[in-house]
Amino acid sequence: MFQYRWQIAKKMNLRRLTNLIGLRFSFYWMKWTGRSHARFFPFSATIEPTTACNLGCPECPSGLKKFTRETGKIDIDKHRDWLKELSPTVFYVNYYFQGEPFLHPQFLELIQEATKQKVFSSTSTNGHFITEKKANEIIDSGLGQLIISIDGMTQKTYEAYRINGKLDKVLAATELILNIKKARKSKTPHVVWQFLVVQPNEHEIEMLFTKAKEFEVDEVRLKTAQVYDFENGNPLIPKNEKYSRYRRNVSGKYVIKNKLLNECWRMWSSTVLTWDGKVVPCCFDKDAEHVLGSLENENFQRTWRNKRYSNFRKAVFNDREAIDICRNCTEGTKVFTQ
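Conventions we followed
- Position labels on residues start from 1 in each chain and follow its written sequence.
- Given that the model is predicted, a residue must reach a pLDDT of at least 70 before its local features are reported, and side-chain atom pairs must reach 80 or more before they are shown or counted; all residues, however, enter totals for whole chains, interfaces and linings.
- Side-chain measures here rest on the full set of heavy atoms in the structure, leaving out hydrogens and waters.
- Here a strand is any run of E in DSSP of at least two residues, a helix any run of H or I of at least four, and the numbering for each starts at the N terminus.
- Radius of gyration: over C-alpha atoms. The globule rule applied is 2.2 Å multiplied by the number of residues raised to the 0.38 power.
- Type-normalised accessible area, obtained with a 1.4 Å probe on protein chains alone, sets the label of each residue: buried when under 20%, exposed when over 50%, and partly exposed for intermediate values.
- Two residues qualify as a contact provided that any one of their heavy atoms is within 4.5 Å of a heavy atom in the partner residue.
- Here the open area of atoms and residues is found with the Shrake-Rupley method and a 1.4 Å probe, where only the protein chains shown may cover a residue.
- A residue counts as positive if it is Lys or Arg and as negative if it is Asp or Glu; His and the chain ends are not included.
- Charge placement uses NZ in Lys and CZ in Arg. For Asp and Glu, CG and CD serve respectively.
- Here a pair means two rings of Phe, Tyr or Trp (six-membered ring of Trp) with centres within 6.5 Å. Their orientation is stacked below 30 degrees between planes, edge-to-face above 60, and tilted elsewhere.
- Criterion for a charge above a ring: Arg CZ or Lys NZ at most 6 Å from the ring centre, at most 35 degrees from the ring normal.
- Buried Ala, Val, Leu, Ile, Met, Phe, Trp, Tyr and Cys residues that are joined via side-chain atoms within 4.5 Å together make up what is termed a nonpolar core.

Asks: Give a detailed account of the overall build of the protein chain, specifying residues and quantitative values.
Replies: Counting its regular elements, the protein chain contains 11 helices and 12 strands. Its C-alpha radius of gyration of 20 Å places the protein chain within 12% of the 20 Å reference for a compact globule of 338 residues. The dimensions of the protein chain, computed from C-alpha atoms along their principal axes, are 55 × 50 × 40 Å. When the 338 residues of the protein chain are sorted by exposure, 55% land in the buried category. Considering only intrachain contacts with a sequence separation of at least 6, the fraction spanning at least 24 residues in the protein chain is 68%. A total of about 16,100 Å² of accessible surface is found on the protein chain, and carbon and sulfur atoms cover 50% of it. Each charge class in the protein chain can be summarised by its mean position, and for the 53 positive and 38 negative side chains these summaries are 6 Å apart.

The following block contains the structure:
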């Protein structure tokens, strides 16, 4: 964990640090005064490589092919231009929104550009496309963090959620990247096993940590699962409420556990770009229903300060529960790591 945090800290410079301090102040200024102040820019961004995916996970619009937006992949040249504009203040980019990043044939070129711009890069993958050649290319690219979704320790449990997935491929990919990383004495990427806790796999959590120790994975994260239809219960909701995003109230209905406070740090700290340049508020807007601008039409600074973005921030602070993508939000909920 020290190495992971140090790799991020190394991306900091005076301009980025000054912006980060100002950004935090502007967030509290909104809380104190109710006035949106967009002088400073986000330090983090999510950039979507592609919406294509090889799996069919039951709560994922990408896997279920239920998007209203088009399936596509980011253009390398446009990405370079967008990243250059963002990088004066952005020092952390998550190269994942919807889809499987490694289905983009030039995915690691995106990472190489981030490394060139001194931006820490992270991605999340289902691990089905990491060959020995690809593992070496990942290390060469300078990728800072590789999150591998595992979600089960037996094939039967794994495929209950990761439909069409093969657990042996995930384990083989993990072993490859860790062994090559060790052989090359590379400090990156920070390799994370991310376990989405659902009812079919919650009994395997202890097994997960045992296997992670055997593989010498850098970190394990237990993530609560978002389900769209939860009020009357859902077979994916864990029985152990500790690992659930929801709780049952006195009437027997399920509600989200965290309080929907009328504030959101994400609306200041980060932004999300779809593969075709649309700017949306956060990662909960999976189908890009709240487009705040497009980098095809204007630069990011202008988008960040435009009326639509400003009005959305104000709406979050006035009545967050009225915004559809906020009602199932994890902002403030716990992610368990080890």
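Asks: Which residues make up the packing of aromatic side chains, and what values go with them?
Replies: A full pass over the atoms with the stated rule returns 16 aromatic pairs. Consider the rings of Trp-193 and Phe-215, whose centres lie 5.4 Å apart with planes at 45°: the pair is tilted. Linking Trp-193 in strand 5 (residues 190-197) with Phe-215 in helix 8 (residues 205-215), this pair joins segments that are 22 residues apart in sequence. Comparing Trp-193 with Phe-215 shows no difference in burial state: the two are buried. Ring pairs connect the aromatic residues Phe-25, Phe-27, Tyr-28, Trp-29, Trp-32, Phe-43, Phe-91, Trp-265, Trp-268 and Phe-317, which therefore count as one cluster. In this arrangement the basic side chain of Arg-24 is found over the ring face of Trp-265, its NZ or CZ atom lying 4.1 Å from the centre. If you follow Arg-313 out to its NZ or CZ, it ends over the ring of Trp-304, 4.4 Å from the centre.

Asks: With reference to specific residues and values, describe the environment of Leu-171.
Replies: You can see Leu-171 is positioned in helix 7 (residues 167-183). Taking the C-alpha atoms as reference points, Leu-171 and Ile-150, separated by 21 residues in sequence, lie 8.4 Å from one another. For Leu-171, the residues in contact, after removing those within four places along its chain, are Ile-150, Trp-193 and Phe-215.

Asks: Would you mind going over the nonpolar core in detail, with residue names and values included?
Replies: Among the nonpolar cores identified, the biggest contains 93 residues, and Tyr-95, Ile-150 and Trp-193 are the most heavily contacted of them. In this structure, Tyr-95 is in contact with Ile-47, Pro-49, His-79, Leu-83, Pro-101, Phe-107, Leu-110, Ile-111, Ala-114, Ser-121, Ser-122 and Thr-123, ignoring residues within four places of it in sequence.

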